[in-house]
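# Structural features, examined
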Amino acid sequence: MSTARAVALECLVSGEKQGAWSDGYLKKAIRQTGLSGRDAGLCTQIVYGSLQNKLLLDWYIDRYSSVPTEKMESAVRNTLRLGLYQLLFLDRVPVHAAVNESVTLVKTKSRNPRAAGLVNAVLRTIDKERGFGLPEPEELSIRFSHPAWLVKEFSNTLPADELEALLAADNAPAPIVAQVNTLKTSPAALTAELTAAGVAVSPHPWLPDCLELAETGSLEELAAFRDGKFYIQDAAAKLAILAAAPKPGMCVLDACAAPGGKSFAAAIAMEGTGEICANDIHPHKKKLIEAGAARLGATNIKTGIMDAKRFDPAMENAFDLVIADVPCSGLGIIRKKPDIRYKDPEPIKGLPQVQRAILETVSRYVRPGGTLLYSTCTLLRRENEDVVAGFLTGHRDYALEKFVLPGPIGAAEGMLTLWPHRHGTDGFFITKLRKRG
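A brief structural summary.

What counts, and where the lines are drawn
- Along each chain, numbering runs from 1 in the same order as the chain's sequence is written.
- Selection of residues for local features in this predicted model requires a pLDDT of at least 70, selection of side-chain atom pairs for listing and counting requires 80 or more, and totals for whole chains, interfaces and linings are taken over all residues.
- The basis for every side-chain value is the complete set of heavy atoms in the structure, and neither hydrogens nor water enter the calculation.
- The helix count covers DSSP runs of H or I at least four residues long, the strand count covers runs of E at least two residues long, and both are numbered beginning at the N terminus.
- Residue burial is assigned from relative accessible area. The probe radius is 1.4 Å, only protein chains are included, and a residue is buried under 20% of its type maximum, exposed over 50%, and partly exposed in between.
- Throughout, a contact is declared for two residues whenever any of their heavy atoms are within 4.5 Å.
- Only the protein chains shown count as cover for residues, and all accessible areas are computed by the Shrake-Rupley method using a 1.4 Å probe.
- A carboxyl oxygen of Asp or Glu within 4 Å of a side-chain nitrogen of Lys or Arg is what we treat as a salt bridge.
- Note on method: axes are straight lines fitted to C-alpha atoms, helices fitted across the in-contact stretch only, with angles between N-to-C directions ranging 0 to 180 degrees.
- These descriptions rest on fixed angle ranges, namely under 35 degrees for roughly parallel, over 145 for roughly antiparallel, 65 to 115 for roughly perpendicular, and the rest for oblique.
- Left-handed describes a crossing whose near helix is turned anticlockwise from the far helix by less than a right angle; the clockwise case is right-handed.
- To qualify as a nonpolar core, a set must consist of buried Ala, Val, Leu, Ile, Met, Phe, Trp, Tyr and Cys residues joined through side-chain atoms within 4.5 Å.
- Cysteine sulfur atoms that pair up within 2.5 Å are treated as a disulfide.
- Only strands joined by at least two bridges in the DSSP assignment are considered to pair.
- A 3.5 Å cut-off defines polar contacts: any pair of N or O atoms within that distance qualifies, except that in protein one atom must be a possible hydrogen donor and the other a possible acceptor, and neighbouring residues in sequence count only when both atoms are side-chain atoms.
- In the scheme used here, Gly and all other residues not listed as nonpolar or charged are polar, with Ala, Val, Leu, Ile, Met, Phe, Trp, Tyr, Cys and Pro taken as nonpolar and Asp, Glu, Lys and Arg as charged.

## Brief notes about the overall build of the protein chain
- Along its length, the protein chain carries 18 helices and 14 strands.
- Overall, the C-alpha framework of the protein chain stretches about 70 × 50 × 40 Å when taken along its three principal axes.
- Burial status across the protein chain gives 53% buried among its 437 residues.
- Long-range contacts, defined here as pairs at least 24 residues apart, represent 74% of the contacts in the protein chain between residues at least 6 apart.
- For the protein chain, the exposed area adds up to about 19,200 Å²; of that, 52% sits on carbon and sulfur atoms.

Pasting the structure below:
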């Protein structure tokens, strides 16, 4: 049963049982089952929507179900979430389709013969109650489906009047952002080619050589993608490279390079000259970087295997620019990985120690007078400002360096946080440090 809803259910159940990330599993499942067009779009929408609103959906289900969601079989619980998301959020899906397809789905996937009756009763009752106005949860955590610990973390950093705006932005769709490979084409030429292929293209509002895409279908099947004329990278990651300002002829180290986007941006900024050592600790990710560089024609990228926490004397004082986009909690990319918010918060408490170790090590690879870029895709102060402050306390040979970015960003005093609700980008942290000569 390879319908859009069946594939969506498999994705959600796998996320619960196996810890599979929804974005990666979903792309693979859609490809393997042959879903395309409207079916692929519906599958993607209901998976992301159900995850973005999971706590809210469960809140409603628990009010109208005789069985609490936590006691339900995974297939039943997630069928209810999918069906209820369609009822509450998708006007174009008829009620009978959302309910009947959910009942059929649970009959196929559940081991409980009574589950179909439960699903039917809950969805029809909630649909009927909509006419009288469903109750609204007061807690921000439930209303925006962010765990309470995460709401508290964000509230410690953001002004109260911005907190709701961030939570809402996390639940909004992220744009598909394409960076133009100016080694091979121009924004105008790529726009014309993609438009001719049926893609809806618009220039990014303020970031040069950057396009926003819609109605893409499978990106990998586009001739312009296969020919290496663009790559997908959020504006925030591109802004990090603009802050670092790599120049033609430089020797650059990207210490935690996978999947390669920052190395690609640096290669283009360097006009294909100089050398970029794009290293990562995982051999399979090294192959991904190599494939991307080959597609883009970025011949100045050399790949390697490296544990960024372990010092290599051969690299000491060897690089004009070192990029340290360190492992982090990823809480700035909730728009793209909606399930990341539900992961256990305990393991991420140890991340600052790892981040400090990487920063300490790779700082030794920067030549005197060179630049060190520290970045993350999280919004937690302890992984961002606190790590940098601790580093600077122990390294008098480094200092923050001002940088200027385009559009609404403007000048930054060496450290910058990008916010989805303020800038329309991923949540991202950028620090530029200069090593004294």
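The rest of the description comes next.
## Things to note about the pattern of salt bridges
- With the rule as written, the count across this model stands at 23 salt bridges.
- A salt bridge links Asp234 to Arg335, with the shortest nitrogen-to-oxygen separation between them at 3.6 Å. Linking Asp234 in the loop between strand 4 (230-232) and helix 13 (235-244) with Arg335 in the loop between strand 8 (319-325) and helix 16 (351-362), this pair joins segments that are 101 residues apart in sequence. Comparing Asp234 with Arg335 shows no difference in burial state: the two are buried.
- Across the pair Lys402 and Glu413 runs a salt bridge, and its minimum N-O distance is 3.7 Å. In this pair, Lys402 is assigned in the loop between strand 10 (398-400) and strand 11 (403-405) and Glu413 in the loop between strand 12 (410-412) and strand 13 (415-418), connecting sequence segments 11 residues apart.
- The class for Lys402 is exposed, based on a relative accessible area of 59%.
- When salt bridges that share partners are traced, they join Glu16, Asp58, Arg77 and Arg81 into one network.

## Some remarks on the packing of helix 13 against helix 14 (residues 261-269)
- Orientation of helix 13 relative to helix 14, taken along the N-to-C sense of each, is 50°, at an axis distance of 9 Å. Looking at the two axes, helix 13 sits oblique to helix 14. Between helix 13 and helix 14 lies a crossing whose hand is right-handed. Across the interface between the two elements, Ala237, Lys238 and Ile241 from helix 13 touch Lys262, Ala265 and Ala266 from helix 14.

## A word on the nonpolar core
- Core analysis: the biggest nonpolar cluster contains 47 residues, and Cys43, Val47 and Leu84 have the highest contact counts within it.
- Contributions of two or more residues to this core are made by helix 1 (4-18), helix 2 (22-33), helix 3 (37-52), helix 4 (54-64), helix 5 (74-89), helix 6 (95-109) and helix 7 (115-130).
- No other element matches helix 1, which puts eight residues into this core.
- Setting aside residues no more than four positions away along its own chain, Leu84 makes contact with Leu57, Tyr60, Ile61, Leu123 and Ile126.
- Among the nonpolar cores identified, the runner-up in size contains 43 residues, and Ala244, Phe264, Ile268 and Met270 belong to it.

## Digging into helix 4
- Along helix 4, the positions that sit buried rather than exposed are Lys54, Leu56, Leu57, Asp58, Tyr60 and Ile61.
- Structurally, helix 4 contributes buried residues whose contacts are with helix 3, helix 5, helix 7 and helix 8 (140-143).

## Considering the state of the cysteines
- Considering all chains together, one arrives at zero disulfides under this definition.
- The thiol of Cys328 is not disulfide-bonded; the next cysteine sulfur, from Cys377, is found 3.5 Å away.

## Some words on the sheet that holds strand 4
- Read from one edge to the other, the open sheet built from four strands follows the order 2-3-1-4, with strand pairing classed as antiparallel. At either margin of the open sheet sits one strand with a lone partner, and together these are strand 2 (200-203) and strand 4. Pairs of neighbouring strands in the sheet enclose a mean axial angle of 35°, with direction left out of account.
- Where strand 1 (residues 176-180) lies against strand 4, three bridges are found, and the strand directions are antiparallel. Bridge pairing in strand 4 places Gln179 opposite Tyr231.

## Description of the environment of Lys152
- Secondary-structure assignment places Lys152 in helix 9 (residues 148-155).
- Each C-alpha atom of the pair Lys152 and Leu163 lies 9.8 Å from the other, and the pair is 11 residues apart in sequence.

## A word on the side chain of Ser263
- Along the chain, Ser263 falls in helix 14.
- Residue class for Ser263 comes out buried when judged on its relative accessible area of 0%.
- Side chain to side chain, Ser263 and Asp254 meet in a polar contact 2.7 Å long.
- When neighbours within four sequence positions are excluded, Ser263 is seen to be in contact with Asp254, Ala257, Ile276, Ala278 and Ile301.

## Points about the packing of helix 1 against helix 3
- Interaxial distance between helix 1 and helix 3 falls to 8 Å at its minimum, and their mutual angle equals 35°. For the pair helix 1 and helix 3, the crossing hand works out as right-handed. From helix 1, Ala4, Arg5, Val7, Ala8, Cys11 and Leu12 reach across to helix 3, where they touch Asp39, Leu42, Cys43, Ile46, Val47, Ser50 and Leu51.
- Residues belonging to the contact of helix 1 with helix 3 are distributed by class as follows: 10 nonpolar, one polar and two charged.

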